[in-house]
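Summary of the model geometry
Spelled out, the chains give:
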Amino acid sequence: MHLIPSLLQAVVEPLPVSTGIFVVFSLLKLIVIFTIYMVGIAYSTFAERRISAWIQDRHGPNRVGPWGLFQVLADGVKNFMKEETYPGEANTVLFVLAPALAFVPAMITWAVIPFAAPWGSPWGRIDMVVADLPVGFLFTLAISSLGVYGLTLAGWASNNKYALLGGLRASAQMISYEIALGMATVCVLLVSGNAHLTEIIQQQSTSGWNVLILSVACFIFLVASFAETNRVPFDLPEAEAELIAGYHTEYSAMKFSMFPISEYANMITAGAMISTLFFGGWDIPFTHWDNIPPYTGLKVLATFGMFAAKVMFFMFFFIWIRWTLPRFRYDQLMSLGWKFMLPSALAYVTVVASTILGLDAAGIARGSWAYLGIMLALNLVLVVLMFFVLDRGRIISPASSRLNRRQVNQLKAVAPALSDLSGKGV
Amino acid sequence: MITNEFYPLFYTFNFYVFALLALMSSLFFVTRKSPVSAALWLVSTMFALAVLYVMLDAEFIGIMQILVYAGAIMVVFLFVVMLLNLGQPSEFSDIRKNGPRLVAGFLGILLTAELLTLAWSPLDARLLVTTVPPSVATAGAGGIIGPVAGPLFTEYLLAFELTSVLLLVAIIGAVVLAKKRS
């Protein structure tokens, strides 16, 4: 863990590549990323079904092909063959446009995410990112804020009150959690001093992953990602007990299928963003082998494997949470977002900013052992405060808030059969 | 980043594509009867403008255009339009009398004349700032955001803080309006 300034320089300023090579490799990267991404989305649906089956102790889809691997193809064919229905009095243009609007933003974000170490090819340096934008980080925020249009318009264009309610819930929820998400990422900008995703990864590979020195921001980002992707416990927009199917009530066949697809696409993108911002992106931990030239093809493959492993872990995490936690109530969702996530993210930004300012004033270099140690200790204290002192079944987990002794006694007075409640969760 | 000779053609082509898109979208924006489609055409205009900013090497402004306008303000706007379910265009027109319409038309003609005069004047006369301020020229740190952030928090700090007061007023107004009347 030490700074390698010359290495940083090498990554920031790529060697000139001729236009032809640039275009050819850009096209190649586009095709490869698009293919892997689409196959990944398709198999996420399969993974969800198999993992949910595993968690619930049943078999899951295992009939089509070996281990059920061709289930995805069968689902695709089924969705394409189904009848497309259009509700009467619906706004047809927006009704057709909405599924695409839900999916496209998740895909565009991949344009700026670096997915492997650069490749020192015989034709010059090839960066393993489709568009190496200097404001890549802000680009991801801007594009992810557009995902809400698809769901809102789907709800509105369907001309159905349940769909409209789902769409309104989706937009209210995504706007609320987007603020906490943005606030959490401010800390990453403070630490890295840049909005260039390539440089954020370089900074993490030389001075430790951000999850260690920005643990609370990582936690807030993770929770807000669940809300942004409309996953359980925040899947209020499609709460089937209240809204039939929410914003996609009126959709059928492939247009319906685009909504689950966009949900998985958003999950993969969210996983990639968490990996990039907090878990070092394509950086392989405990070694500098992947961070120094020469950048061979083997390094590209190894770092890509590392990145894919991180994204897949977060996919598993998303699925795992879905089959573990119940859904929030709507008021709980809003109070969690506005009364807990946003204030704590703001407070954390203040604490991190003043700490960094103090360390800079004290002359402790960024990335030095002392700097990392102090940041790590600070985060440990804050995490302990957050999870064990602030939250006693009241703030973070209002859905699972336990009864206090007075409430238990009241219950026992009403129903003596509940006497086995005593002692539990008090 | 890459050396090539196709840039002028590439820029010209993209400029005309996105400039036309911006003009077309803004025309649709003012002529649509349905408030939801009007709002969506405005989003399209924002995107075309963002592309034009990026082509001027002002990536930060371009991204902010999308993040703030298309991503936040227009979503809230759309949200309100849907909630209120405004249907009759004549009911929510800002200007319903002939007097204000004449004033608005006059102002529009004035603005168009101003723009055309500017477009036909020589290039040097069009530049409002002829020399780059020293704070912009020296702001090296912070990548592409530094040159924007530097002057904003030093030279133009007062204007920046006044803008934040404006936002605070808007927030207080929203809270007062949303407060339950007992």
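Residues numbered from 1 in each chain as written. Chains lettered and ligands numbered in written order. Predicted model: local features only at pLDDT ≥ 70, side-chain atom pairs only at ≥ 80, totals over all residues.

**Digging into the overall build of chain B**
Regarding its fold elements, chain B presents eight helices and zero strands. Along chain B, from the amino end to the carboxyl end, the secondary structure elements read α-α-α-α-α-α-α-α. A burial count over chain B gives 14% of its 182 residues as buried. A separation threshold of at least 6 residues defines the contact pool for chain B, and within that pool the share at least 24 residues apart is 38%. (Helix = DSSP H or I, 4+ residues; strand = E, 2+ residues; numbered from the N terminus. Buried ≥ 20, exposed ≤ 12 C-beta atoms within 10 Å, placed from the backbone. Contact = placed C-beta atoms within 7 Å.)

**Section: the nonpolar core**
If you look at the biggest cluster of nonpolar residues, it comprises 126 residues, and the most contacted ones within it are A:Leu214 and A:Ile220. Among residues more than four places away in sequence, those in contact with A:Leu214 are A:Cys187, A:Val188, A:Val191, A:Phe278, A:Val352 and A:Asn379. (Core = buried A, V, L, I, M, F, W, Y, C linked by C-beta atoms within 7 Å.)

**Quick word on helix α5 (residues 136-144) of chain A**
In terms of burial, α5(A) is largely enclosed, as nine of its nine residues are buried. All buried positions along α5(A) are accounted for by A:Gly136, A:Phe137, A:Leu138, A:Phe139, A:Thr140, A:Leu141, A:Ala142, A:Ile143 and A:Ser144.

**What about the environment of A:Val186?**
All names here are of chain A. When you line up the elements, Val 186 lands in helix α7 (residues 161-192). Since 16 C-beta atoms lie within 10 Å of it, Val 186 is described here as partly exposed. The spatial distance from the C-alpha of Val 186 to the C-alpha of Ala 345 is 9.2 Å, given a sequence separation of 159 residues.

**Examining the confidence of the model for chain B**
Mean pLDDT over chain B works out to 79, with 77% of the residues at or above the 70 mark. In the predicted complex, the global pTM is 0.81; the interface-specific ipTM is 0.75. (pLDDT = per-residue confidence, 0-100.)

**Examining the confidence of the model for chain A**
All names here are of chain A. Overall, the prediction assigns chain A a mean pLDDT of 81, with 89% of residues at 70 or greater. Every residue in residues 395-399 is under pLDDT 50, and counting partners more than four places away or in other chains gives twelve contacts. Counted against residues more than four places away or in other chains, residues 422-426, with its pLDDT under 50, gives seven contacts.

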